[in-house]
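Fold and geometry: a report
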Amino acid sequence: MPATETVTGTFTPPTRFAVPGRIEVGSRAAGRWQTATLTAIRRETPRAATFRFAVPEWAGHLPGQHLMLRLTAEDGYTAQRHYSIASAPDDSGHIELTLDHVEGGEVSGWFHTVARPGDRVEVRGPLSGFFAWPGDRPALLIGAGSGVVPLMSMVRHHRARGLTVPLRLLVSARSPEELIYAREYGPETTPVLTRSAPEGVPVGRLTAAHLAPLMDDRPAGGWEAYVCGSNAFAEHASRLLVAAGQPVDRIRVERFG
Ligand SMILES: Cc1cc2nc3c(=O)[nH]c(=O)nc-3n(C[C@H](O)[C@H](O)[C@H](O)COP(=O)(O)OP(=O)(O)OC[C@H]3O[C@@H](n4cnc5c(N)ncnc54)[C@H](O)[C@@H]3O)c2cc1C
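Each value, and the rule that gives it
Residues numbered from 1 in each chain as written. Predicted model: local features only at pLDDT ≥ 70, side-chain atom pairs only at ≥ 80, totals over all residues. Heavy atoms only, no water. Helix = DSSP H or I, 4+ residues; strand = E, 2+ residues; numbered from the N terminus. Buried < 20%, exposed > 50% of the residue type's maximum accessible area, 1.4 Å probe, protein only. Pairing = 2+ DSSP bridges. Right-handed = clockwise from strand over helix to strand, strands pointing away. Near = heavy atom within 4 Å. Polar contact = N/O pair within 3.5 Å; in protein donor to acceptor, adjacent residues only side chain to side chain. Areas by Shrake-Rupley, 256 points an atom, 1.4 Å probe, with all protein chains shown as cover. Nonpolar A, V, L, I, M, F, W, Y, C, P; charged D, E, K, R; others polar. pLDDT = per-residue confidence, 0-100. Contact = heavy atoms within 4.5 Å. Axes fitted to C-alpha atoms, helices over the stretch in contact; angles between N-to-C directions.

Geometrically, the link from glycine 125 to proline 126 is a cis peptide bond, its omega value of 10° lying close to zero. One can find proline 126 in strand β6 (residues 120-127). Of note in the backbone geometry, serine 128 takes a positive phi value of approximately 70° without being a glycine. Structurally, serine 128 can be placed in the loop between β6 and β7 (139-144).

Now the structure itself:
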């Protein structure tokens, strides 16, 4: 079970950040459980699916933020997990989460095998200002597996708002079939396929060679780097970034554990 976190403070609009990129999340929104009604399920890969929820009183979020989700069984037993918000911020009253089906997983297992449109769960958030991208600075996004979920919210936000600030995504997956959101990627994205790839496409893990062109071509003021994935992937990507010259204090890491 991921550690719980306490978020305090009052909401500050993105344009008024005192410290670039660091936001405060309203304690009222983050502290209150809200009912989320599942409205649609969309398969992304054999192991991952996107779950769309109506959350009429959702206070909004910034790309990169996550929420706490709670399931309650009939006997009162509860299970809580953190999930990144996959959708871009909008005023639709809906949010989307993309869940990997973890083998033997209590919460992801329920979503993948039991959940149906109309089911209700509870959510609390948005949480974490640190991993949020307000859309105001060049962003270099590096994710693996479901670690691409918060990064996709950033890519979608970038597109939806027609932002011109540079944004690049390096996304690692074992194979094209396991690449979440494969149909949505555009020229901003470089897939890194570690086990199998179409003919002519290299197979292998993320290396310095993937980062070099992006670091050589870095925008004025440099990149803000966002890394998300397993502990091992986050360590690996962060080490490569530092070796490529990315300042340590401009690497934001989210670990899915
Ligand atoms: C900030 C944050 C954001 C997250 N966002 C997402 C997201 O967008 N999409 C997503 O799919 N997951 C995300 N996770 C992971 C998520 O919180 C759960 O850990 C995951 O869904 C497994 O929960 P479960 O109840 O299905 O498995 P559990 O019942 O908790 O665990 C079952 C077994 O799987 C192992 N396990 C637990 N978590 C993982 C994992 N992530 N990978 C591999 N094995 C694991 C456990 O050690 C255990 O053996 C996020 C985690 C954090 C901390």
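On to the pairing of β7, then. Walk down a regular strand and you will see the side chains alternate between the two sheet faces. In terms of residue burial, β7 counts as a mostly covered element, since six of its six residues are buried. Judged by which residues are buried, β7 turns out to be covered on both faces: Ala139, Leu141 and Gly143 on one side and Leu140, Ile142 and Ala144 on the other are all buried. Across six bridges, the pairing between β7 and strand β8 (residues 167-173) is parallel. Looking at the pairing, alanine 144 lines up with serine 172 of β8. On the question of chirality, the crossover connecting β7 to the parallel β8 by way of helix α3 (residues 149-160) is right-handed.

Let's shift gears to the site of the ligand. Contacts to the ligand come from 22 residues, most closely from Arg81, His82, Tyr83, Val107 and Ser108. Arginine 81 has a polar side-chain atom sitting 2.7 Å from an oxygen atom of the ligand. Within the backbone of valine 107, a nitrogen or oxygen atom sits 2.8 Å from an oxygen atom of the ligand. The protein chains hide 70% of the 890 Å² of surface that the ligand would expose on its own. Per-element accounting of the shell around the ligand gives the leading share, four residues, to strand β4 (residues 78-84). Residues belonging to the shell around the ligand are distributed by class as follows: seven nonpolar, nine polar and six charged.

So, about the confidence of the model for the chain. Do not read the fine detail of predicted coordinates wherever pLDDT is low. Mean pLDDT over the chain stands at 89; residues scoring 70 or higher make up 89%. In this model residues 1-25 is a low-confidence stretch, pLDDT under 50, and it forms 58 contacts with partners more than four residues away in sequence or in other chains.

Moving on, we come to the sheet that holds strand β9 (residues 189-193). Through backbone hydrogen bonds, the strands of a sheet pair up, either in parallel or in antiparallel fashion. As summarised here, the arrangement of the five strands in space is β9-β8-β7-β10-β11, forming an open sheet in which the pairing is parallel. Both edges of this open sheet fall to β9 and β11 (251-255), since each of them pairs with a single strand only. In this sheet, adjacent strand axes meet at a mean angle of 15° when their direction is disregarded. In this structure, β7 lies alongside strand β10 (residues 224-229), joined through five bridges in parallel fashion. Looking across to β10, one finds that leucine 141 is bridged to tyrosine 226.

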